[in-house]
Amino acid sequence: MDFAIALQKLASYRPRRNPTYKKTFDDGLPLLDSDGWKRRADSWEFLEVLALAALDSERYDVSDRCIKHLVEKFGNSPRVDVLSGIRIEAMGKPEIALEYYNRLLEDDPTNSAAWRRKAYVLRIMGKLDKSVEELTALLDTFYNEVDGWVELAEVYHLCNQYNYALQALSHALLLAPQNPFYVLEFAEIAYASGDMPLAVKMFLVTVDMTDDEDAPITSYQMDVTLRAWYGVKLSLRRLAPDTRSPSQTTLPANAEIIGKLAMERLQHAYEQRTQGVSTPQSEDDLLEWASTTLKPTPQA
Amino acid sequence: MSSSTISLYLDPQIRDWVLFPITVVMILVGVLRHYIVTLLQTPPKKLTRAAIREQRAVLRSQVLRATAAKSPIPPHIYHAISLHLDDAFAAGKYLKDGPLKPGEAPPAAPNILSDPNAMDGMMAGMKAQMVMMVPQMVIMGWINFFFQGFVLIKLPFPLTLGFKSMLQRGIETPDMDVRWVSSLSWYFLNFFGLNGLYRLILGSDNSASQSSQEMVSPFAGAVQQGQPGQPMDYHKIFSAERDNLQFAEGLYNWLGDDVETRVLRKYGKLPSPSSESS
């Protein structure tokens, strides 16, 4: 794996977000015990993955063993540094982790991964203002950290600062224009901020990006599309002809046909997923189903 | 007299004591060179935060401009970013040493020789080149001194006369068959032909096989190595970027502008544009 990408991944690590950590841990532990990991082609990456999985499974002794091997081999590589930092975070004492990251940054002020972790630690300590400050300073220097922008948008979203969240997210959109998850998130924040015309437009952009006739009906991609259709419908409902958009977005043309099409797509998905056993009684039933069935967007 | 009628008999000693040694020495020197270059390589100097910021500032506007014609972000944000960047570039906010004071002239383009950081980069390149050149010169001298005029090997296939200068360097005989290879030519054949072997022994990014790139252009490697250390005149780059931003402003078009029509057309709810216009 590319070093820079690996660092970015570590920087955006969140506890227990990886859905397969249990399996990774159970599969990996015997290999660690029997020294079988040494024979793997990706032995060091394997240790890193196992260390994180062990942290997720709260087996700190195992992750300590992995990190010890890595420290012996790579010494003061920033990647190992950050991994050790994550281990310190897992102890539940953010102050110590914060101090650790501060020390890393003193040694090397350009260690962006440590900087990102520091912002995250500040965030879990509840110092959202400090976290935003750090992230802004970080992104001012390292503009192209997409995950950093998404994180900043998240923090702003937490504080209901929708406008700032949208601005931060647009940088992520610029940097990764091919990622529909960011567009969907943008649309959802626009919806939350009450800017319905903008939300409709962005939901439709998501649809335009993701709808693919051949995608299996239960795929992730389909979920994104359906969620976007659902968003379209909801925003259209809250859209009155005299709605004023804070962003001066024009009202969508043919709003009525779009609304109908959205319902059609949702109905289609409903029938396919329930195998035609039942039909939704009303529009509200269908929306109710959509809100419960469509999973929240995974963090890409 | 025809050259094919006369057969040259090569002493097997030549094979054992000249042909093989030249090849083996060249392979070993290549391998050694790889390790020396690896040892000589200093890790690239770390940039300070301010320097990185300066370097990446251009990236911001480049990223913004790259998608301007079909921008994923709505106009109010696009114009805000564009304006902000324009202001920042004009005021020199991203410059490493801070914005210019009023009345202060922009510094002249930095001289590559006076900048110690740049010198480091140049020295590294020079060192690598020295390691490349010196052994080759020594081997060539060795061959010239001991084996001058030796005929080492006969190629198993016929060749045209044009190859004479390539295969019989160091032997001034107009009549000899082109298939005979002289010692100096054997050296050159090895010099260019061993790259594949080095790749096999040392992996694809070894520093032994660079010789061919060096031969194509001495600057080919230098540009790559010199890039990070090379001083750039960010004043000029930023002012050029301002023009580009203004240009992109004219190109700007939001992806969401007509997205509803596009989607409806895709699902056949609206007539397609061709039938509309007819």
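Residues numbered from 1 in each chain as written. Chains lettered and ligands numbered in written order. Predicted model: local features only at pLDDT ≥ 70, side-chain atom pairs only at ≥ 80, totals over all residues. Heavy atoms only, no water.

(A) Inspection of the packing of aromatic side chains at higher detail. Counting across every chain of the model gives 18 aromatic pairs over all chains. A centroid spacing of 5.5 Å and a plane angle of 65 degrees characterise the contact between Trp 37 of chain A and Trp 44 of chain A, whose relative ring orientation is edge-to-face. What makes Trp 44 of chain A partly exposed here is its relative accessible area of 28%. When the ring of Phe 89 of chain B is compared with that of Phe 238 of chain B, the centres are 4.7 Å apart and the planes differ by 20 degrees; the resulting orientation is stacked. Taken together, the positions of Phe 89 of chain B in helix H3 (residues 75–91) and Phe 238 of chain B in helix H10 (residues 234–251) put the pair 149 residues apart, joining distant regions of the chain. Each of the two residues, Phe 89 of chain B as well as Phe 238 of chain B, counts as buried. Among the aromatic side chains, those forming a connected cluster through ring pairs are Trp 142, Phe 145, Phe 146, Phe 147 and Phe 150 of chain B. (Phe/Tyr/Trp six-rings, centres within 6.5 Å; stacked < 30°, edge-to-face > 60°. Buried < 20%, exposed > 50% of the residue type's maximum accessible area, 1.4 Å probe, protein only. Helix = DSSP H or I, 4+ residues; strand = E, 2+ residues; numbered from the N terminus.)

(B) Structural view of the environment of Trp 149 of chain A. Residue and element names in this part refer to chain A. By the secondary structure assignment, Trp 149 is in helix H9 (residues 146–158). For Trp 149, a relative accessible area of 9% gives the class buried. With residues up to four places along the chain from it excluded, the contact list for Trp 149 reads Leu 139, Tyr 143, Ala 168, His 171, Ala 172 and Leu 175. Engagement of the side chain of Trp 149 in a polar contact is seen with the backbone oxygen of Tyr 143, the distance being 2.9 Å. (Contact = heavy atoms within 4.5 Å. Polar contact = N/O pair within 3.5 Å; in protein donor to acceptor, adjacent residues only side chain to side chain.)

(C) Expanded view of the packing of helix H1 (residues 12–40) of chain B against helix H7 (residues 195–202) of chain B. All names here are of chain B. It is at 11 Å that the axes of H1 and H7 come closest, and there the two elements cross at 55 degrees. Judged on the interaxial angle alone, H7 and H1 are oblique. The two elements H1 and H7 cross, and the hand of that crossing is right-handed. When H1 is examined against H7, the residues Met 26, Ile 27, Gly 30, Val 31, Arg 33, His 34 and Tyr 35 are found in contact with a partner set consisting of Leu 197, Tyr 198, Ile 201 and Leu 202. Class assignment for the residues of the contact of H1 with H7 results in eight nonpolar, two polar and one charged. (Axes fitted to C-alpha atoms, helices over the stretch in contact; angles between N-to-C directions. Parallel < 35°, antiparallel > 145°, perpendicular 65-115°, else oblique. Left-handed = near helix turned anticlockwise from the far one by under 90°. Nonpolar A, V, L, I, M, F, W, Y, C, P; charged D, E, K, R; others polar.)

(D) Broad picture of the interface of chain B and chain A. Opposite the 33 residues of chain B that make contact, chain A presents 39 residues. Summing both sides of the interface, chain B and chain A together bury roughly 3300 Å²; the carbon and sulfur share of this comes to 66%. Connecting chain B to chain A are five salt bridges. Residues Arg 60 of chain B and Asp 140 of chain A are paired through a salt bridge, measuring 3.0 Å at the closest nitrogen-oxygen approach. Along the contact surface separating chain B from chain A lie ten residue pairs in polar contact (both at pLDDT 80 or more). Every element with two or more residues in the side of chain B that touches chain A is listed here: helix H2 (49–66), H3 and helix H11 (259–266) of chain B. Here the side of chain B that touches chain A takes eight residues from H2 of chain B, the largest share from any one element. Looking at the side of chain B that touches chain A residue by residue, the classes come out as 18 nonpolar, five polar and ten charged. (Buried area = accessible area lost by both parts, 1.4 Å probe. Salt bridge = Lys/Arg side-chain N within 4 Å of Asp/Glu carboxyl O.)

(E) Examining unusual backbone geometry more closely. Residues and elements named next belong to chain A. With phi around 60 degrees, Glu 58 is a residue other than glycine that occupies positive phi space. Even without glycine at this site, Asn 160 takes up a positive phi of about 60 degrees. For Asn 160, the position within the fold is in the loop between H9 and helix H10 (162–175).

(F) Structural detail: the environment of Lys 23 of chain A. Relative to the assigned elements, Lys 23 of chain A resides in helix H2 (residues 21–33). Only 2.8 Å separates the side chain of Lys 23 of chain A from the side chain of Asp 27 of chain A, close enough to count as a polar contact.

(G) A nonpolar patch on the surface, seen in detail. Residues and elements named next belong to chain B. On the surface, a cluster of nonpolar side chains totalling about 510 Å² of accessible area is made up of Met 130, Met 133, Val 134, Met 137 and Val 138. Mapped onto the elements of the fold, Val 134 is located in helix H4 (residues 116–146). Classification of Val 134 by relative accessible area gives partly exposed; the value is 40%. (Patch = residues over 30% accessible without salt bridge, like charges linked within 9 Å, V, L, I, M, F, W, Y side chains within 5 Å. Areas by Shrake-Rupley, 256 points an atom, 1.4 Å probe, with all protein chains shown as cover.)

(H) Region of interest: the nonpolar core. Trp 229 and Leu 266 of chain A are the most contacted members of the largest nonpolar core, which totals 124 residues. Take this core: its biggest share by element is nine residues, from helix H12 (residues 196–210) of chain A. If we skip the residues at most four places from it in the chain, Leu 266 of chain A touches Leu 226, Trp 229, Tyr 230, Leu 286, Leu 287, Trp 289 and Ala 290 of chain A. Ile 14, Met 26, Val 178 and Leu 202 of chain B belong to the second-largest nonpolar core, a separate cluster that totals 23 residues. (Core = buried A, V, L, I, M, F, W, Y, C linked by side-chain atoms within 4.5 Å.)

(I) Quick look at the confidence of the model for chain B. Per-residue confidence for chain B averages 79 on the pLDDT scale, and 78% of its residues sit at or above 70. Counting interchain partners and residues more than four positions distant, the pLDDT-below-50 stretch residues 211–229 of chain B has ten contacts. (pLDDT = per-residue confidence, 0-100.)

(J) Inspection of H2 of chain B at higher detail. Compared with an ideal rise of 1.5 Å per residue, which puts 18 residues at 26 Å, H2 of chain B spans 25 Å between its outermost C-alpha atoms and is within 8% of the ideal. The sharpest bend along H2 of chain B reaches about 30 degrees and sits at Gln 55 of chain B. Taken as a whole, H2 of chain B has its buried residues at Ala 51, Ile 52, Glu 54, Ala 57, Val 58, Arg 60, Ser 61, Val 63 and Leu 64 of chain B. Elements in contact with the buried residues of H2 of chain B: helix H8 (128–141) and H10 of chain A together with H3 and H10 of chain B. (Expected span 1.5 Å × (residues − 1). Bend = angle between axes of the 7 residues up to and from the residue.)

(K) Seen up close, the pattern of salt bridges. Inspection of the entire model under this criterion finds 24 salt bridges over all chains. Notably, a salt bridge pairs Lys 201 of chain A with Glu 260 of chain B, separated by 3.2 Å at the nearest N-O pair. Of this pair, Lys 201 of chain A sits in helix H12 while Glu 260 of chain B sits in helix H11, placing the two residues on different chains. Here the salt bridges do not stand alone but share partners, grouping Arg 14, Arg 116, Glu 145 and Glu 151 of chain A into one network.

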